[in-house]
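Chain residues, written in single-letter form:
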Amino acid sequence: MFKRGGKLIILVVLILILLILNLLLGSVKIPVNDTLSILFGDRSNEIFSNIILKSRLPQALVAIVAGAGLAVSGLQMQTIFRNPLAGPSVLGISNGASLGVAMVVLMSSSLAGVSLSRMGYVGDAAISVAAIIGSLAVMALIVYIARKVKGNVTLLIIGVMIGYLVTAIVGVLKFFSSEEDVKAYVVWGLGSFARVSGDQMLLFVTMMILLLPLSFLLVKSLNLMLLGDDYAKNLGLNVSRARTLVILNSGVLVAIVTAYCGPIMFIGLAVPHLCRALFKSSDHKVLVPATMLAGAALALLCSLVARMPGFEGALPVNSVTALIGAPIIASVIFRRRKENDGE
Amino acid sequence: METVTLMNLSIGYKTKHSVKEVAKNINASLKSGLLTCLIGPNGIGKSTLLKTLCAFQPKLDGEVYIDGKSISSYTDKEFSKKVGVVLTHRPQIQNMTVEELVSLGRSPYTGFWGKLEDEDRQIINAAIKQIGIESLKDRMIQTLSDGERQKVMIAKAIAQQTPIICLDEPTAFLDFPSKIETMQLLKRLCKESNKTIFLSTHDLELTLQIADRIWLMQKGSIFVGTPKELAESGELSAFIEREGITFDKSLLRVIIKR
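Residues numbered from 1 in each chain as written. Chains lettered and ligands numbered in written order. Predicted model: local features only at pLDDT ≥ 70, side-chain atom pairs only at ≥ 80, totals over all residues. Heavy atoms only, no water.

## Comments concerning the overall build of chain B
Move 1: Regarding its fold elements, chain B presents nine helices and 12 strands.
Move 2: Taking 2.2 N^0.38 as the reference for a compact globule, 258 residues should give roughly 18 Å; the C-alpha atoms of chain B span a radius of gyration of 19 Å, in line with that estimate.
Move 3: Seen along its three principal axes, the alpha-carbon backbone of chain B occupies a region of about 55 × 45 × 35 Å.
Move 4: The proportion of buried residues among the 258 residues of chain B is 54%.
Move 5: Counted over contacts in chain B with a minimum sequence separation of 6, partners at least 24 positions apart contribute 66%.
Move 6: Carbon together with sulfur atoms contributes 51% to the accessible area of chain B, which is approximately 12,000 Å² in total. (Helix = DSSP H or I, 4+ residues; strand = E, 2+ residues; numbered from the N terminus. Rg over C-alpha atoms; globule rule 2.2 N^0.38 Å. Buried < 20%, exposed > 50% of the residue type's maximum accessible area, 1.4 Å probe, protein only. Contact = heavy atoms within 4.5 Å. Areas by Shrake-Rupley, 256 points an atom, 1.4 Å probe, with all protein chains shown as cover.)

## Some remarks on helix H11 (residues 239–261) of chain A
Move 1: When the terminal C-alpha atoms of H11(A) are compared, their 32 Å separation across 23 residues agrees well with the 33 Å that a helix rising 1.5 Å per residue should span.
Move 2: Gly262(A) sits one or two positions beyond H11(A) and adopts a positive phi of about 80°. (Expected span 1.5 Å × (residues − 1).)

## Focus on the interface of chain A and chain B
Reports often express the size of an interface as the amount of accessible area lost when the parts come together.
Move 1: Listed as interface residues are 26 residues of chain A and, on the opposing side, 32 residues of chain B.
Move 2: Taking both sides of the interface into account, the surface hidden between chain A and chain B amounts to around 2,500 Å²; carbon and sulfur atoms contribute 55%.
Move 3: Considering only the surface of chain A that becomes buried against chain B, Lys220(A), Tyr231(A) and Asn234(A) emerge as the three largest contributors, covering 28% of it.
Move 4: At the surface where chain A touches chain B, the tally comes to two salt bridges.
Move 5: Between Arg4(A) and Glu100(B) there is a salt bridge, with the nearest N and O atoms lying 3.9 Å from each other.
Move 6: Where chain A packs against chain B, one counts 10 residue pairs in polar contact (both at pLDDT 80 or more).
Move 7: Those elements giving two or more residues to the side of chain A that touches chain B turn out to be helix H9 (219–225), helix H10 (229–234) and helix H14 (317–342) of chain A.
Move 8: The leading source of residues in the side of chain A that touches chain B is H10(A), at four residues.
Move 9: Classifying every residue of the side of chain A that touches chain B by side-chain character gives eight nonpolar, seven polar and 11 charged. (Buried area = accessible area lost by both parts, 1.4 Å probe. Salt bridge = Lys/Arg side-chain N within 4 Å of Asp/Glu carboxyl O. Polar contact = N/O pair within 3.5 Å; in protein donor to acceptor, adjacent residues only side chain to side chain. Nonpolar A, V, L, I, M, F, W, Y, C, P; charged D, E, K, R; others polar.)

## Some details on the confidence of the model for chain A
Reading fine detail from the predicted coordinates is not recommended where pLDDT is low.
Move 1: Here chain A averages 84 in pLDDT, while 91% of its residues score no lower than 70.
Move 2: Least confident of the elements in chain A is H14(A), whose mean pLDDT is 74; most confident is H9(A), at 95. (pLDDT = per-residue confidence, 0-100.)

## Focus on the confidence of the model for chain B
Move 1: Taken as a whole, chain B shows an average pLDDT of 92; of its residues, 100% reach a score of 70 or greater.
Move 2: The ipTM assigned to the predicted complex is 0.92, against a pTM of 0.88.

## Describing a nonpolar patch on the surface
All names here are of chain A.
Move 1: Judged by side-chain polarity, Ile9, Val13, Ile17, Leu21, Leu25 and Met308 come together as a nonpolar surface patch covering roughly 470 Å² of accessible area.
Move 2: Assignment of secondary structure puts Met308 in the loop between helix H13 (284–306) and H14.
Move 3: According to the relative accessible area criterion, Met308 is partly exposed, its value standing at 31%. (Patch = residues over 30% accessible without salt bridge, like charges linked within 9 Å, V, L, I, M, F, W, Y side chains within 5 Å.)

## Regarding the sheet that holds strand E4 (residues 61–66) of chain B
Move 1: Here we have four strands laid out as an open sheet, ordered E2-E1-E4-E5 (chain B), and antiparallel in their pairing. Looking at the sheet topology across the chains shown, the edges are occupied by strand E2 (19–31) and strand E5 (69–70) of chain B. (Pairing = 2+ DSSP bridges.)

## Description of the sheet that holds strand E10 (residues 221–225) of chain B
Adjacent strands of a sheet pair through backbone hydrogen bonds, lying either parallel or antiparallel.
Residues and elements named next belong to chain B.
Move 1: Spatially, the six strands line up as an open sheet ordered E6-E7-E8-E3-E9-E10, and their pairing is mixed. Two strands bound the open sheet, and with one partner strand each, they are strand E6 (83–86) and E10. Along the sheet, successive strands turn relative to each other by an average axial angle of 15°, direction set aside.
Move 2: Note: E6 against strand E7 (residues 164–168), four bridges, orientation parallel. Considered in E7, the bridge of Val86 is made with Leu167. (Axes fitted to C-alpha atoms, helices over the stretch in contact; angles between N-to-C directions.)

## Observations concerning the layout of surface pockets
If a probe the size of a water molecule is rolled over the atoms, the empty space left behind becomes visible.
Move 1: Its boundaries defined by the atoms lining it, the largest pocket holds a volume of some 760 Å³.
Move 2: Lining the largest pocket are 25 residues, and of these Lys150(A), Gly151(A), Asp229(A), Asp230(A) and Phe56(B) lie nearest its centre.
Move 3: Of the residues assigned to the lining of the largest pocket, the class counts are nine nonpolar, six polar and 10 charged.
Move 4: Empty space within the second largest pocket amounts to approximately 660 Å³.
Move 5: As for the second largest pocket, its lining consists of 33 residues, of which Ser89(A), Val90(A), Ser94(A), Asn95(A) and Met265(A) are closest to the centre.
Move 6: No other element matches helix H6 (residues 152–175) of chain A, which puts 10 residues into the lining of the second largest pocket.
Move 7: For the lining of the second largest pocket, a count of residues per class yields 18 nonpolar, 14 polar and one charged. (1 Å grid on protein atoms, 1.4 Å probe; cavity = no way out; pocket = protein on both sides within 12 Å on 5 of 7 lines; lining within 4 Å. Points joined across faces, edges and corners; volume = space filled by probe spheres on them.)

## Some words on unusual backbone geometry
Residues and elements named next belong to chain B.
Move 1: Unlike most non-glycine residues, Asn95 shows phi in positive territory, near 55°.
Move 2: Within the element layout of this structure, Asn95 appears in the loop between E6 and helix H3 (98–104).
Move 3: Judged by relative accessible area, which is 12%, Asn95 ranks as buried.
Move 4: Its identity as a non-glycine residue notwithstanding, Asn194 has a phi of 55°, on the positive side.
Move 5: Along the polypeptide, Asn194 turns up in the loop between helix H6 (176–193) and strand E8 (196–200).
Move 6: By relative accessible area, which is 49% here, Asn194 ends up partly exposed.

## Focus on the packing of helix H3 (residues 46–80) of chain A against H11(A)
Residue and element names in this part refer to chain A.
Move 1: Viewed as axis vectors pointing N to C, H3 and H11 meet at an angle of 150°, and their least axial separation amounts to 9 Å. Note on packing geometry: the crossing formed by H3 with H11 is left-handed. Contacts from Val62, Ala66, Gly69, Leu70, Val72, Ser73, Gln76, Met77 and Ile80 of H3 reach H11 at Arg243, Val246, Ile247, Asn249, Ser250, Leu253, Val254, Val257 and Cys261.
Move 2: Here the residues of the contact of H3 with H11 sort into 12 nonpolar, five polar and one charged. (Left-handed = near helix turned anticlockwise from the far one by under 90°.)

## A few points about the side chain of Thr79(A)
Residues and elements named next belong to chain A.
Move 1: Following the sequence through the fold, Thr79 ends up in helix H3.
Move 2: Looking at Thr79, the relative accessible area reads 4%, which means it is buried.
Move 3: A polar contact of 2.8 Å, which involves the side chain of Thr79, links it to the side chain of His284.
Move 4: Once residues lying within four places of it in the same chain are set aside, the contact partners of Thr79 are Leu222, Leu226 and His284.

## A few points about the side chain of Asn249(A)
Residues and elements named next belong to chain A.
Move 1: Following the sequence through the fold, Asn249 ends up in helix H11.
Move 2: Judged by relative accessible area, which is 11%, Asn249 ranks as buried.
Move 3: One polar contact links Asn249 to Ser215, side chain to side chain, over a distance of 3.3 Å.
Move 4: Setting aside chain neighbours within four positions, we find Asn249 in contact with Gln76, Leu211, Leu214, Ser215 and Leu218.

Written out as structure tokens, the structure is:
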């Protein structure tokens, strides 16, 4: 078997391969030579270079940073709640994003008289801003509660309840909205790595590249929190501060990814399990980089499947992540149970 | 040497609206090199007292001095170098080796990234050796028996290099041989390293045979002494004896009438 460093390198190679496949495959067939020359600056074929540089490359970059962010955020949530089913959506943070988007998309026509779904670029920016505001608002509430309550389970239940509450409000909003706006909202909810482009894409990728390394700063705290709050405190950790920092880090990552790609399911839940099984470790020095790489790879794979010839880019990312993610979780948990029973 | 001193301590739970006092006027002390065991009936406040000494919950009144300094003046970091803790319930951890877990005992001393230096590694190896779990070193925590796991947590506390170690019912879920082995191990640690070891337990007869000193917690008071002293003064009989059960003071044994 490969050592941990070797496995990380394999993941990097896997990302590169998937990246290349993402550039090569799609509904329009572009020869390998042309793809390479376009990447190295040749603009002679305008249609091909537009497809590669304005569609496939941005989409792949978005998938990489979004997958990495969601996966590491899921890892952090699972560790602090010591709950294998925790994921980025568990604290209602992505529901908060949905609420923000629902407010803007569903209420714009009745309040301002303009249907956002028809506004194109400006509409997209408004959606991203609304999603960030919505999820950060829910996160602020959660952090406030986290400082008040002691138990993690209490916090988890409150988070799930906030999620239900937000879903209910969205339901009410939907009831009073036009069919067209509801459709726009539903489409956002399906998730997509292709929604952002141009300057927005650059802004998103830059933000993620700045934010992702912050997760490494929490490695020691996360390792101690594996032992439970009491042991962690006894080993010198300020548990309440550490918990707040982890929720902030994880929450901001989810907020931004959800704002730009919609609520992407399963990557945050599945990848940490996959990495624990793959690396046979619970050390966050290994797991943080591992989940980032594996998250990026899985997102690239999903993006690739969603764009396979025949689907014409119409297959929603969430369906693909669930189709790939659900069997992974099930098999990992099943295998772990078998291992434990065997002992 | 006295390492922990309790003066007029009262313990319990405080919320915004109410104060629930579990025990008060506790005066007692712990000495280094001695194994001190806390016994008493269920619900009398043993866990609360232990949690208070481990700084998991604040005291209500009075004072606890740890190495001559008030417990409330310690930061988490300073305290983590004074008192090591072993709890009853095993942590639910998957995919962590014994060695990695013992290494976490070095956390108060390692830097921001938790990187282990050569000196840390030596201390970790020494702790593993002292507890006698070298053969388990590379095993995953989830594959250990309860007894083995408790030893690993004790090794963690050794690696933490605290002069004081508090254990909350460390023998609760163990089979009888493991109970004896764990208690003997703790006794040996006291003597070898001159540590102050304090633990709560319900394993009465075992405790009476092995403990250097006993804290017997009863309603409204706490009795401190060697097992012999508490037997002579009749406090142990008062705690143990009831219909059908007597206590033999000279043999330190519980006798059940048939």
